[in-house]
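Next come the chains, spelled out residue by residue.
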Amino acid sequence: MPKRAAGVVAGAKTAASKERAKPAKPRAARAPRKKAAEKEKKTYKTGYVALIGRPNTGKSTLINALLGRKIAIVSDKPQTTRISILGIKTTEKGQIIFIDNPGIHKPLHTLNKRMMNFVYSALETSDVVCLLIDATEKFGHGDEYVLETLKRVKTPVFLLINKVDIVRKDTILPMIEKYKDLYPFEEIIPISALTGVNLDVLEGLLYGALPVADKLYSDEEISDQSERFLFAEIIREKILSHVKEELPFVTAVYIESIENKEQADWKKPGVTRPLTLIRATIYVEKDNHRAIIIGRQGRLIKQIGIEARQEIESILETKVYLDLHIKVREGWRDAEDVLDLIEGQKG
Ligand SMILES: Nc1nc2c(ncn2[C@@H]2O[C@H](COP(=O)(O)OP(=O)(O)OP(=O)(O)O)[C@@H](O)[C@H]2O)c(=O)[nH]1
Ligand SMILES: [Mg+2]
């Protein structure tokens, strides 16, 4: 992922030219401000922090908690995140660009190979890597596979032992002891992404490890994903919360169109309200998948539609009409055209 510095350069130019346009002030009056700005320039930290780990360890929950708002979908099913997204946190101290990634797993389909490629590219981009492990899970083959992946990493790696809110305290120390011998971690921090335990500590240590550099993104930017991609993800999150077994793995969502329209208010003739019309296709692999998502008498798809619509309405602050269709496409997980379509939505 190439580092973008355009925002900084443009911002700096604007500030400088504004300064030039103003009538000159006496030197003494300008000096303290200039000094403070110079000092900030020398200490301002900016960099990429990749969140990696096995599926379900809490990476997306963590990026949402660190940003203080939901930018990534979360579920209790593994392999929820399929495409990496950025979560940009800008403060007075610095700009941390978190990368939420798919969980590390052995890829079987083209979809999964693409997911792992996102992880590898995040590892190459990042200045610090945060490896999340689930404190409730025993060490296994999946963890060995993750440690293999770390061989590619040349930057500092923090080990985050997540979900400490639901384990006994005396189980954490043996975990730290075990992992200490497996990899030279820069820091080992027990956290809870859900309840916020030690997230301030983590942030402080990240600032310490990031390079001194100017911002890469403007203060307003919080993510790199398009609205279209976010809406597709929200619909998928609602599906994931209602289905089980293989369904979560064989479902994808594509937003066909987003149209801004006007809706007449029948109680007030002549008055219209903004309405957003969103058409989405839900991909599944088999006819029986379609039947499950539709549900008895269409109840499940209706429920999914209601939940997704409400969340999208709260983001757009308009009325939303959500039109959901289901398409059966056998083997879409190995179909480059479908995968390109889904990935292309990110913008
Ligand atoms: N108790 C507890 N649950 C957590 C915590 N962090 C995440 N979870 C839960 O763990 C599950 C997985 O969370 P996600 O954030 O989707 O995990 P992920 O690592 O992004 O998963 P993938 O995208 O599949 O790789 C969800 O049910 C979360 O609510 C935590 O700190 N404590
Ligand atoms: Mg995730």
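The rules behind each value
- Residues numbered from 1 in each chain as written.
- Chains lettered and ligands numbered in written order.
- Predicted model: local features only at pLDDT ≥ 70, side-chain atom pairs only at ≥ 80, totals over all residues.
- Near = placed C-beta within 6 Å.
- Nonpolar A, V, L, I, M, F, W, Y, C, P; charged D, E, K, R; others polar.
- Helix = DSSP H or I, 4+ residues; strand = E, 2+ residues; numbered from the N terminus.
- Buried ≥ 20, exposed ≤ 12 C-beta atoms within 10 Å, placed from the backbone.
- Pairing = 2+ DSSP bridges.
- Axes fitted to C-alpha atoms, helices over the stretch in contact; angles between N-to-C directions.
- Contact = placed C-beta atoms within 7 Å.

1. A short note on the site of ligand 1
- In the vicinity of ligand 1, 24 residues are found, and the nearest of them are Gly58, Ser60, Thr81, Gly103 and Leu194.
- Among the residues making up the shell around ligand 1, the classes are represented as 7 nonpolar, 13 polar and 4 charged.

2. Let's talk about the environment of Lys106
- By the secondary structure assignment, Lys106 is in the loop between strand E3 (94-100) and helix H4 (110-125).
- The exposed category is assigned to Lys106, around which 9 C-beta atoms lie within 10 Å.
- Residues Lys106 and Gly142 lie 36 residues apart in sequence; the distance between their C-alpha atoms is 8.6 Å.

3. Some words on the sheet that holds strand E6 (residues 187-190)
- The strand order across the open sheet formed by 6 strands is E2-E3-E1-E4-E5-E6, and the pairing between neighbours is mixed. At either end of the open sheet lies a strand with only one pairing partner, and these are strand E2 (85-90) and E6. The sheet shows a mean angle of 20 degrees between the axes of neighbouring strands, direction not considered.
- Each of strand E1 (45-53), E3, strand E4 (128-134), strand E5 (157-162) and E6 touches helix H7 (residues 199-209); the most contacted strand, E6, lies at about 165 degrees to it.

4. Quick look at the sheet that holds strand E8 (residues 272-284)
- Taken in spatial order, the 3 strands line up as E7-E8-E9 in an open sheet, and their pairing is mixed. Each edge of the open sheet is held by one strand with a lone partner, namely strand E7 (252-264) and strand E9 (319-328). This sheet shows a mean twist of 15 degrees between the axes of neighbouring strands, independent of strand direction.
- With 10 bridges joining them, E8 and E9 adopt parallel strand pairing. Counterpart to Leu277 in the pairing with E9 is Tyr321.
- Seen against the sheet, helix H10 (residues 299-316) touches E8 and E9 and runs at an angle of roughly 135 degrees to E9.

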